[in-house]
Each structure stands twice: as C-alpha cells, then as structure tokens.
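Understanding the architecture of this molecule
Here's the letter readout for the chains.
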Amino acid sequence: MICERCSAQTYMVEKCNYCNKQLCRDCEKSAKRIAKTRRYVICKDCWGDMKKRSEFKAE
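Residues numbered from 1 in each chain as written. Predicted model: local features only at pLDDT ≥ 70, side-chain atom pairs only at ≥ 80, totals over all residues. Heavy atoms only, no water.

1. What to know about the nonpolar core
- Of all hydrophobic cores here, the largest spans 13 residues; its most connected members are Cys16, Tyr18, Leu23, Ile42, Cys46 and Phe56.
- The set of elements that each furnish at least two residues to this core consists of strand S4 (39-43) and helix H1 (44-47).
- For this core, the element with the highest residue contribution is S4, accounting for 4 residues.
- Those residues in contact with cysteine 16 that sit more than four places away from it in its chain are Lys21, Leu23, Val41, Ile42, Cys43 and Cys46. (Core = buried A, V, L, I, M, F, W, Y, C linked by side-chain atoms within 4.5 Å. Buried < 20%, exposed > 50% of the residue type's maximum accessible area, 1.4 Å probe, protein only. Helix = DSSP H or I, 4+ residues; strand = E, 2+ residues; numbered from the N terminus. Contact = heavy atoms within 4.5 Å.)

2. Some details on the pairing of strand S3 (residues 28-33)
- As paired strands, S3 and S4 are joined by 5 bridges and run antiparallel to one another. Residue pairing in the sheet places glutamate 28 in a bridge with cysteine 43 of S4.
- Taking the residues that link successive antiparallel strands as the turn, the S3-S4 hairpin has 5 residues. (Pairing = 2+ DSSP bridges.)

3. A look at the pattern of salt bridges
- Counting across every chain of the model gives 6 salt bridges.
- Arginine 25 is the salt-bridge partner of glutamate 28, the closest N and O atoms lying 3.5 Å from each other.
- Overall, arginine 25 belongs to the partly exposed group, its relative accessible area being 46%.
- Connected via shared salt-bridge partners are Glu14, Arg25, Glu28 and Arg39. (Salt bridge = Lys/Arg side-chain N within 4 Å of Asp/Glu carboxyl O.)

4. Let's talk about the packing of aromatic side chains
- What the rule picks out here adds up to 2 aromatic pairs.
- Note on tyrosine 18 and phenylalanine 56: the rings are 6.4 Å apart at their centroids and 80° apart in plane angle, and the pair reads as edge-to-face. Taken together, the positions of tyrosine 18 in the loop between strand S1 (14-15) and strand S2 (22-23) and phenylalanine 56 in helix H2 (residues 50-58) put the pair 38 residues apart, joining distant regions of the chain. Comparing tyrosine 18 with phenylalanine 56, the two get one shared label, buried. (Phe/Tyr/Trp six-rings, centres within 6.5 Å; stacked < 30°, edge-to-face > 60°.)

Set out below in structure tokens:
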C-alpha cells in the first residue's frame, strides 16, 4: 500500500479522521483509542491547523 501524504510504500495504512488520507506510521502525528473499536488519527498536515488540532484534543 502507498501513503497518500509521502508516497512511501508500507504494509499498513490508517485513515486520517480529518483529511481522509491514507497514512503510514511516519506521517501520523498522534492517535488515540476512544473505544475498543474506535481509533482517532491525525496527520502532521492537519496537526498544523489549529481548528483540527483542537477538535482532536477535545475528543
């Protein structure tokens, strides 16, 4: 699979909950588990946007 942010090939990608890009582990800025099955991920690009960052921290 290919990361949509850095175009690197990786074996596992996760979707950013704010820009909906498929990300590798290097492009993830932070992630947290809300429930056993729900995981919130934010990428490095969205982390720079203060509105998206505050939404991530509020959840």
